[in-house]
Every structure is written in structure tokens, then in C-alpha cells.
Amino acid sequence: PTVDTTILRCNKSGNKTITLKHAVNFTNPRVSIVDSDYFSTFSNIISISNNGEDSLYSKLFNKRLRKVDDYYKVFQGIVTGNNDAFIFETEDEAIAHGIEKELLHPLCHGRDIGRYIVRSRDRKIIYLNNSVDIDRYPNAKKWIVPFKDSLSRRREAAKGTIKWFSLQWPRNKEELDTLEKIVVQNTRNESLSQRIVATLDDKSVYGSQGVNFIIPSKNNVSLRFLLGVLNSSLINYLFKTKFLNLAIKAEFIKQVRLPKESKEIISRVKRILSMKKENEQSDTSSLENEINRLVFELYGLTNEEVKFVN
């Protein structure tokens, strides 16, 4: 494994320009001089572009385009604080322990989703937050009492922020119950060629901290359009070059800027989802390539800029 290192040299007097040196090749480092506000264009993300890429990034970070955060709510899945206490691999396992069905919800880990597919919703989570009266659910209480000592030692429980039996960060149940949500894998190594893995769930699935969810915060916005853009090679390129982190952070997704919605992209995403639902192994590459082309056009990429992405 490798670790990317950035060295910052600063002085108190301030500079009108910034010198960037890309020194991976020590014998022939690449040097460029940019304006002092250069990084503000990219939401203050510090990275060094290849020669010629700046025009591409200026289109991706075009301030005239709306941000995902302007029209959608993006949030990480549930943090339990102790998966063994709250998560069962199957509903049968949970029922065998007598857990009341009212408390059980389907759950996805990051590995349970792929591009345009949900591989499994078999896991079940006991959803407990501060609003739950645990005494109304004697079987769930009986199950979770043996975990009380460890659950009580969690920081939030020790501080009194949550009750001892509550999920550590239960998120907003109303948002989790939303029928349709985009689900994005949260953990993706920076070296992977496919950084963004996202799909649409239409079964009100809950998720662990290994996923991010996206739901509309405004009317008349399309989850399918956003899904097509996120799964495109262009946005994948953005997460390979600018939004570099082991996690596909919700904060990064919020900063993605979106062009005007395209019915052509929406129709193709619908076809892909339909094909994948019928057969996960369906070859949808031609449709995905069409979406890539449409996304390039919406962002106004030149042929030269497309070469950087491909």
C-alpha cells in the first residue's frame, strides 16, 4: 500500500501565487504556478492537477451549477456501537430469538450493493433509539440486556446523550423509511479504478455506516438522474483525482455540482435498473457508455478533456 503525502510550506506575509510541485517523479517534478485563491475553486480541496486538467475541473466545479446538497439530503448509515447487539444475518435468526417484528428492518452493508443492484436485504437490524420504550418489547429487551455493560460504555451512552439500549447514531428514522433512496458504498480504496458504486433501493432499506444514503430534499428532482451522473465515468474520475479518501464521504457527495436534468439519462437509468433487477448479470455496458457520453455533453467537455477521463 502507498500513502500520498502533501507538504505545505507557508509564510505569514502571504503570497499572490502558489507554487505547486508534483514530485512523484523526483528526477523530473512537474511544477506549476497558480493564483492564491486556486484551491477555493475546488471547495478548498488541496490536490495537484495534470497539465491541461484545470479546464476540466473548472467545468466540474462550475459555481453556476447547483450542488447535490442544494436539492438532496446526503447522510451516512446507522452506527450501532456494537453490531452483534443490533444486527442479525437473517430475519429467521432474529425471529428465533423472539425479537418483535415491529423493531426489525432490512439492512445493507456496503458489500451488499453494487452498481445499479442491491445484492441482499437479508440482514435485519433492531432499530432502537431514545424514543423507544424498551419495556414494551420484552423479547428485544431480553436479547439486548446481556450487552448492557458494553453498550453503556459507549461515549454517547456514558454522557447520557443516548439511552444504554439505543443505537449509537440511529439517524433520522423518517429519512431511513423513505421508500426510494440512492445507496452509495462508503468505503472504497483510492487505488480502485471504480471509486463510485451506487444503486437505487425502492424497499425502504436501512443501512450501516458502510453506506451513504441520498434522498430528495426538494420536489421535482430525480433520483434516477442523480444516480446516472454519480455512476458515470466523469464523476468517478472526480473521486479518483480530487475527492481522494478511503471513504466516499457524504460531504464530498454534497459538493458534486449537477447540470440540468436530462430525460435521456433518466430513461437509460430506468432501463439499467430494470435489466439488473431481472438479472444482476445483465450486460448494461452499452447503456452505461451512452450515459457517460450524455454526461460529458451536459458538462460541456471537449474531446481533449474526455481523454483525461477515459
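Residues numbered from 1 in each chain as written. Predicted model: local features only at pLDDT ≥ 70, side-chain atom pairs only at ≥ 80, totals over all residues. Heavy atoms only, no water.

Turning our attention to the overall build of the protein chain. In terms of helices and strands, the protein chain carries 14 helices and 14 strands. Overall, the C-alpha framework of the protein chain stretches about 65 × 50 × 40 Å when taken along its three principal axes. Evaluated residue by residue, the protein chain yields a buried proportion of 48% over its 310 residues. Total accessible area computed for the protein chain in this model is approximately 16,800 Å², and 47% of it derives from carbon and sulfur atoms. Side-chain charges of the protein chain comprise 49 positive and 38 negative groups, with the mean position of each set lying 5 Å from the other. (Helix = DSSP H or I, 4+ residues; strand = E, 2+ residues; numbered from the N terminus. Buried < 20%, exposed > 50% of the residue type's maximum accessible area, 1.4 Å probe, protein only. Areas by Shrake-Rupley, 256 points an atom, 1.4 Å probe, with all protein chains shown as cover. Lys, Arg positive; Asp, Glu negative; His and termini not counted. Charge placed at Lys NZ, Arg CZ, Asp CG, Glu CD.)

Relative to the elements of secondary structure, Asn82 occurs in the loop between β4 (72-76) and α3 (83-86). On the basis of relative accessible area, Asn82 is assigned to the buried category, the value being 18%. Beyond its immediate sequence surroundings of up to four residues, Asn82 is in contact with Phe147, Ser150 and Leu151. (Contact = heavy atoms within 4.5 Å.)

As a further point, take the sheet that holds strand β6 (residues 104-108). With mixed pairing, four strands are arranged side by side in an open sheet as β5-β9-β6-β12. Each end of this open sheet is capped by a strand with a single partner; those strands are β5 (87-88) and β12 (206-207). Both β5 and strand β9 (residues 123-126) contribute to a ladder of two bridges, which runs antiparallel. Directly across from Phe88, in β9, lies its bridge partner Lys124. (Pairing = 2+ DSSP bridges.)

Turning our eyes to something else, we now look at the packing of aromatic side chains. Inspection of every chain in the model, using the stated rule, returns nine aromatic pairs. With 5.0 Å between their ring centres and 45° between their planes, Phe88 and Trp143 make a pair best called tilted. Note that Phe88 is positioned in strand β5 and Trp143 in helix α5 (residues 138-144), a separation of 55 residues in sequence. A residue is classified by how much of its surface remains accessible, and Phe88, at 1% relative accessible area, is buried. You can call Trp143 buried: its relative accessible area is 18%. Taken together, a centroid distance of 5.6 Å and an interplanar angle of 50° make the contact between Trp143 and Phe147 tilted. A connected cluster of aromatic rings, assembled from ring pairs, spans Phe61, Phe239, Phe243 and Phe252. Residue placement shows Lys218 over the ring face of Tyr71; its charged tip is 5.0 Å from the ring centre. (Phe/Tyr/Trp six-rings, centres within 6.5 Å; stacked < 30°, edge-to-face > 60°. Lys NZ or Arg CZ within 6 Å of the ring centre and 35° of its normal.)

Let us look at the sheet that holds β4. For sheets, the rule is that strands pair by backbone hydrogen bonds, running either parallel or antiparallel. One open sheet holds the four strands; their spatial order is β4-β13-β10-β11, and the pairing between them is antiparallel. Every other strand in the sheet has two partners, leaving β4 and β11 (198-201) as the edge strands with one partner each. Strand after strand, the sheet turns through a mean of 25° between neighbouring axes, direction not considered. Here strand β10 (residues 181-185) runs beside strand β13 (residues 211-216); their pairing, made up of four bridges, is antiparallel. Across the sheet, the residue bridging to Ile182 is Ile214, located in β13. (Axes fitted to C-alpha atoms, helices over the stretch in contact; angles between N-to-C directions.)

Right, let's get into the packing of helix α9 (residues 223-230) against helix α12 (residues 263-278). Relative orientation and spacing of two packed helices are given, respectively, by the angle between their axes and the distance between those axes. Running from N to C, α9 and α12 cross one another at 85°; their axes reach a closest spacing of 8 Å. The angle between the axes of α9 and α12 places the two elements in the roughly perpendicular class. Facing Arg224, Phe225, Leu227 and Gly228 of α9, the residues of α12 in contact are Ile265, Ile266, Val269, Lys270 and Leu273. Of the residues assigned to the contact of α9 with α12, the class counts are six nonpolar, one polar and two charged. (Parallel < 35°, antiparallel > 145°, perpendicular 65-115°, else oblique. Nonpolar A, V, L, I, M, F, W, Y, C, P; charged D, E, K, R; others polar.)

Time to look at the environment of Arg224. For Arg224, the position within the fold is in helix α9. A C-alpha to C-alpha distance of 9.1 Å links Arg224 and Arg268, two positions 44 residues apart in sequence. In contact with Arg224, not counting residues within four places along its chain, are Glu180, Leu200, Ile266, Val269, Lys270 and Leu273.

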